[in-house]
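Working through the structure, step by step
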Amino acid sequence: MHFGATLRLLRVDAGVSLRALAQKIGVSSAYLSRVENGHDQAPTPDRLMAIARALDLPPTLLIDLAQRVSPFVARYLEDVPSASYLFLEIARRKLNAAQLARVQAFLDAEFPLRGAAAGRITPRLHELLAPERVLLKLSCSYLGDAIDIAAVRLASAAPGLSAAAIAAEIRERERESPTGVGHGVAVPHAMNASVQPVAALVTLARPLPVATPDDIPLQMLLVIVGGGQAPLELLARAARLATPDTVADLCQASTPEAALGRVRHAESELG
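In this report, the structure presented in the accompanying data block is examined. Position numbers for residues start from 1 in each chain and track the written sequence from start to end. In keeping with the model being predicted, local features are shown solely for residues with a pLDDT of at least 70 and side-chain atom pairs are shown and tallied solely at 80 or more, while totals for entire chains, interfaces and linings include all residues. Values reported for side chains reflect all heavy atoms of the structure, with hydrogen atoms and water molecules removed beforehand.

Focus: the overall build of the protein chain
Secondary structure elements are taken from DSSP: a helix is a run of H or I of four residues or more, a strand is a run of E of two residues or more, and numbering for both begins at the N terminus. Helix and strand content of the protein chain: 14 helices and six strands. For the radius of gyration, the atom set is restricted to C-alpha positions; the globular benchmark scales as 2.2 Å times the number of residues to the power 0.38. For 271 residues, the compact-globule estimate of 2.2 N^0.38 gives 18 Å, and the C-alpha radius of gyration of the protein chain, at 19 Å, lies within 12% of that figure. With the principal axes as the frame, the protein chain shows a C-alpha extent of 55 × 45 × 35 Å. Each residue's exposure class comes from its accessible area (1.4 Å probe, protein chains only) as a fraction of the maximum for that residue type: buried when under 20%, exposed when over 50%, partly exposed otherwise. Within the protein chain, the proportion of its 271 residues that are buried is 45%. Only the protein chains shown count as covering a residue, and every accessible area follows the Shrake-Rupley method with a 1.4 Å probe. Summed over its atoms, the accessible surface of the protein chain is roughly 13,700 Å², and 54% of this surface lies on carbon and sulfur atoms. Lys and Arg are tallied as positive, Asp and Glu as negative. Neither His nor the chain termini are counted. To locate a charge, take NZ of a lysine, CZ of an arginine, CG of an aspartate or CD of a glutamate. Taken together, the 27 basic and 27 acidic charged side chains of the protein chain have centroids lying 2 Å from each other.

A look at the nonpolar core
By size, the foremost hydrophobic cluster in this structure holds 54 residues, and its most contacted members are Phe3, Leu10, Leu62, Leu201 and Ile224. Examining the composition of this core, we find that six residues originate from one element, helix H12 (residues 231–240), more than from any other. In contact with leucine 62, not counting residues within four places along its chain, are Phe3, Leu7, Leu10, Leu48, Ile51, Ala52 and Leu57. Ranked by size, the runner-up nonpolar core spans 25 residues in total, among them Leu154, Ala155, Ala158 and Ala190. Take the buried Ala, Val, Leu, Ile, Met, Phe, Trp, Tyr and Cys residues and link them wherever side-chain atoms come within 4.5 Å; each set so joined is a nonpolar core. Any pair of residues with heavy atoms lying within 4.5 Å of one another is described as a contacting pair.

A few points about the packing of helix H1 (residues 3–14) against H12
The description of two packed helices rests on the angle between their axes and on the distance between the axes. Where H1 meets H12, the closest approach of the two axes is 10 Å, and the angle between their N-to-C directions is 165 degrees. Regarding the angle of H1 to H12, the classification is roughly antiparallel. Crossing hand, H1 versus H12: right-handed. From H1, Thr6, Leu9, Leu10, Asp13 and Ala14 reach across to H12, where they touch Leu232, Leu235, Ala236 and Ala239. Under the scheme applied, nonpolar residues are Ala, Val, Leu, Ile, Met, Phe, Trp, Tyr, Cys and Pro; charged residues are Asp, Glu, Lys and Arg; polar residues are all the others, including Gly. Here the residues of the contact of H1 with H12 are counted per class, giving seven nonpolar, one polar and one charged. To obtain each axis, a line is fitted to C-alpha atoms, and for helices this fit is confined to the stretch in contact; angles are then taken between N-to-C directions over 0 to 180 degrees. Oblique is the label for any angle not under 35 degrees, not over 145, and not in the 65 to 115 range, which are roughly parallel, roughly antiparallel and roughly perpendicular in turn. Crossings are classed by handedness, with left-handed meaning an anticlockwise turn of the near helix from the far one by less than a right angle and right-handed meaning a clockwise turn.

Spelled out as structure tokens, the structure:
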């Protein structure tokens, strides 16, 4: 996943200008533009948390996306040294992804997050997919073709929305700012808080030579309609799947059910 492209995607959908976000976190617009275009590294954990607050995202989400967890954790361990024993016990027991999910569920129940993101439940991507909305090895010459086909499948699961309206809104969003997030993945979407989110997964028979943040041809689309309570979190969750291993696994899937299983597994690994 290309962090800068993902940040730009989230900022644009939040309706925040580059200048306004830069002012809120105390950096120059030029610097933030360089980050979004991949010329500079992701900001420090403190600034990432400030960006998350400005975009009304969970405080550590951007730290996770930027793979800056270690400095954040190190600072926490300095403040609460006894927490290191808990990390040690988790390591000694070699907890797997499913077991860590149980620990996470306990934390959420006993020590819920506070602030803007508290109380929001963002669905996982695999919960928004269904076999009939998984299109494997689709042959198309243009990105618009893939969007049109996905829109037909999405319309059947989005009452009150037509395929034409979905496709038109997604195309308009793509013209505003392309939704490629790296490693051959794009997240075309039509976010509407009044519509419960649904998603389609599209893998391509041949990569499309469209502009991408890392110059890797487009191989997979995660197409989302609706947004519910936290549309930006939903987009961020989709972007997290843009890793070389996950993309390779999904592009090699031979059935929709196999692809869904791989999405579920990838999300459980990511936490």
